[in-house]
Amino acid sequence: MTVSVQQLTKELEIFGVDCEESLTEKLAELCAQYGQSEEEMVREFIAFYTSTQKDCLTSETLSSFEHECLSKRSKARHSASKDSGHAGARDIVSIQELIEAEEEEETLLNSYTTPSKGSQKRAVTTPETPLTKRRVSARSPHVLLSPSSFSPSATPSQKYNSRNNRGEVVTSFGSVQGVSWSGRGGAGAISLKVLGCPESLTGSYKFMFQKLPDIREVLTCKIEELGSELKEHYKIEAFTPVLVPAQEPVTLLGQIGCDSNGKLNNKSVILEGDREHSSGARVPVDLSELKEYSLFPGQVVVMEGINSTGRQFVATKLYEGVPLPFYQPSEEDGDFEQNMVLVACGPYTTSDSITYDPLLDLIAIINHDRPDVCILFGPFLDAKHEQVENCLLTSPFEEVFKQCLRTIIEGTRSSGSHLVFVPSLRDVHHEPVYPQPPFSYSDLPPEDKKRVQFVSEPCSLSINGLVFGLTSTDLLFHMGAEEISSASGTSDRFSRILKHILTQRSYYPLYPPQEDMAIDYENFYAYAQLPFTPDVLIVPSELKYFVKDVLGCVCVNPGRLTKGQVGGTYGRLYFRRQTVDGEERRSPCVAAQVVRI
């Protein structure tokens, strides 16, 4: 059916609603999509808009209208037509389901007949679904993902489906006023490149074979490398051994530790010296003279103070860490156009259901907004999910994951968005070691190979010359539980932790790590260090979502897509690379938001 934008504008003017041209065009698309006339659509929309009691009309209002009114009514019609048994008017999803059911029935009947020379099965086509070489590409995500095939109790989550804050923006960053959150999908020139230090992790490796001297070697190298950088930056003449008594102020290099197995506090801090100057010796540290400090186990520090007896060091000054320089893009790193990136972190199911409804909602958002790049963090099949822990799934974990992956890739094909998959230590089917190799997926269709990329955990990814630091490990939670601090003014814990990550130049500077972290330290040294200070650092966490600028790096915690039995959040951001060389560096992140699913 043809829809007139001018007619829609006239209908809206009757009710005194002044609407932007882009929003009117979107309303026209909804008329065509749901088979309604201009008058019917405006009447229904005005009823919804009045009930929201909002001052201005935005694209978020239209999205809520589509989700809460049009989609629900379309589903109700679809289920009613199924129950009544007559053909009626159906959408493309229901037609596809009927075609597949008929094909299955024919296959079953053919198995009882004598094979003939040529197949007699007729290809069923309709004007909406013409016969193509790859009919599978038209399948809906709801058809691709069938939770009942791997779980006997695949009932949708009532709490999740009854939420009423869908699409709510919970935090913003930058100039978000008037921003239309839609990308170009596959139309833009996107260059994705994984940066290594010196190379990136591309495949599996043998683990559980490390020896204690090898771990010690890695930690020693880290102390010496950071110590050398701090010495050069602050023009320090020389470091003193930690156990040598001195009546004058001395400068020590070492790693922060705890004098027992308990949690670090201001009375239990010890400094473990480097191998070159102190032969790894330890000395207790008195922090009473320090006005401000922020310390955690494993932190490499340079301290100045007095060590009069050689048995206790009284610290009077703590040198600030120094971050790495930013990446300098080349001509090969793509264009300077503004691009949209969507980031989401699992779990993609609620804790009381395995139906993947949040994932299907996310796929609908990707198809609607058409971001240039989607970065999806695991877990995709969560090891902490009740049905996984109790072994209630009827299919192997690997098969469930593949079904989930196929749903995302084929379900977003129409958007053209580039997909980046980052594994998690909570992915039940994947290798539970840090750093974690990328997912292996041999069934990736040839037409999707250019837009789908599997990366390691953690990873530094260049998108058109801007470096995104990616990690699915809940580093904020791990370090927040161990950090101690003292500050004279107001101090933000998240900013302190993020600053530690950037100045320690590592995706996981905590040592010893959390108990559920299995770290292979030889590969950790090769693949989990920051090659540059990232322009954008994505750090998903159970802790509260945020977007912050720390030392020139935009740090984003998009939250998780689900929180227990309810919906969570995802992030979206616009970025643009700087064009003029020699100009003072500006933040490449134009705008960012965290939004409820």
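Being a predicted model, the structure only gives us computed values, none of them experimental. (Residues numbered from 1 in each chain as written. Predicted model: local features only at pLDDT ≥ 70, side-chain atom pairs only at ≥ 80, totals over all residues. Heavy atoms only, no water.)

On to the pairing of strand 21 (residues 569-575). Within strand 21, seven of the seven residues are buried, which leaves it mostly tucked inside the rest of the structure. With burial as the criterion, each face of strand 21 is covered, one bearing T569, G571, L573 and F575 and the other bearing Y570, R572 and Y574. Bridge count between strand 21 and strand 22 (residues 589-596): seven bridges; the pairing is antiparallel. When the sheet's bridge partners are listed, R572 is paired in strand 22 with Q593. (Buried < 20%, exposed > 50% of the residue type's maximum accessible area, 1.4 Å probe, protein only. Helix = DSSP H or I, 4+ residues; strand = E, 2+ residues; numbered from the N terminus. Pairing = 2+ DSSP bridges.)

Another point: the pairing of strand 9 (residues 339-345). Burial runs high along strand 9: seven of the seven residues are buried. Strand direction decides the pairing type here: strand 9 and strand 21, joined by five bridges, are antiparallel. Bridge pairing links M340 to Y574 in strand 21. Pairing between strand 9 and strand 10 (residues 373-377): five bridges, direction parallel. Paired with C345 across the strands is F377, a residue of strand 10.

What follows is about the nonpolar core. If you look at the biggest cluster of nonpolar residues, it comprises 37 residues, and the most contacted ones within it are Y348, Y356, L362, F380, I408, F421 and Y570. Elements with a contribution of two residues or more to this core: strand 9, helix 10 (357-369), strand 10, helix 12 (397-411), strand 11 (418-422) and strand 12 (452-454). Core analysis: the second largest hydrophobic core is formed by 30 residues, I215, V218, A528 and F546 among them. (Core = buried A, V, L, I, M, F, W, Y, C linked by side-chain atoms within 4.5 Å.)

This paragraph deals with the environment of S260. Tracing the backbone shows S260 in the loop between strand 3 (246-258) and strand 4 (269-273). Between the C-alpha atom of S260 and that of I270, which follows or precedes it by 10 residues, the distance is 9.8 Å.

This brings us to the pattern of salt bridges. Two side chains carrying opposite charge are able to pair once their charged atoms lie near each other. Enumeration according to the criterion identifies 19 salt bridges in this entry. A salt bridge links R426 to D382, with the nearest nitrogen and oxygen atoms 2.6 Å apart. Taken together, the residues R426 in the loop between strand 11 and strand 12 and D382 in the loop between strand 10 and helix 11 (386-389) connect sequence positions 44 residues apart. For R426, a relative accessible area of 16% gives the class buried. For the salt bridge of E542 with R560, the shortest nitrogen-to-oxygen distance reads 3.0 Å. Of this pair, E542 sits in the loop between strand 16 (536-538) and strand 17 (546-550) while R560 is found in the loop between strand 18 (553-557) and strand 19 (562-563), placing the two residues 18 residues apart along the sequence. (Salt bridge = Lys/Arg side-chain N within 4 Å of Asp/Glu carboxyl O.)

Contact pair helix 10 / helix 12: the axes reach a minimum separation of 10 Å and the direction vectors enclose 20°. Viewed along their axes, helix 10 and helix 12 adopt a mutual orientation that is roughly parallel. The crossing of helix 10 and helix 12 is right-handed. Residue-level contacts link L359, L360, I363 and N367 of helix 10 to C404, T407, I408 and G411 of helix 12. Among the residues making up the contact of helix 10 with helix 12, the classes are represented as five nonpolar, three polar and no charged. (Axes fitted to C-alpha atoms, helices over the stretch in contact; angles between N-to-C directions. Parallel < 35°, antiparallel > 145°, perpendicular 65-115°, else oblique. Left-handed = near helix turned anticlockwise from the far one by under 90°. Contact = heavy atoms within 4.5 Å. Nonpolar A, V, L, I, M, F, W, Y, C, P; charged D, E, K, R; others polar.)

What follows deals with the packing of helix 1 (residues 5-14) against helix 2 (residues 21-34). Relative to each other, helix 1 and helix 2 sit at 105°, their axes nearing to 9 Å. Judged by the inter-axis angle, helix 1 sits roughly perpendicular to helix 2. Counted together, V5, L8, T9 and L12 of helix 1 and T24, L27, A28 and C31 of helix 2 form the full contact between these two elements. Within the contact of helix 1 with helix 2, the residues separate by chemical class into six nonpolar, two polar and no charged.

Remark: the centre distance and the inter-plane angle together describe each pair of aromatic rings, the angle taken between the planes. Per the stated rule, a full pass over the model turns up 21 aromatic pairs. Look at F380 and F421: their rings are 5.8 Å apart centre to centre, the planes differ by 55°, and that puts the pair in the tilted class. Here F380, found in the loop between strand 10 and helix 11, pairs with F421, found in strand 11; they are 41 residues apart in sequence, far enough to count as distant. What makes F380 buried here is its relative accessible area of 2%. Taking 4.7 Å as the distance between ring centres and 45° as the angle between the ring planes, the aromatic pair formed by F401 and F439 counts as tilted. On the criterion of sequence distance, the pair formed by F401 in helix 12 and F439 in the loop between strand 11 and strand 12 is long-range, its members being 38 residues apart. Judged on exposure class, the residue F401 and its partner F439 are both buried. Of the aromatic side chains, those joined through ring pairs into one cluster are Y348, F380, F401, F421, F439, Y441 and F454. The ring of Y160 carries R163 above its face, with NZ or CZ at 3.9 Å from the centroid. (Phe/Tyr/Trp six-rings, centres within 6.5 Å; stacked < 30°, edge-to-face > 60°. Lys NZ or Arg CZ within 6 Å of the ring centre and 35° of its normal.)

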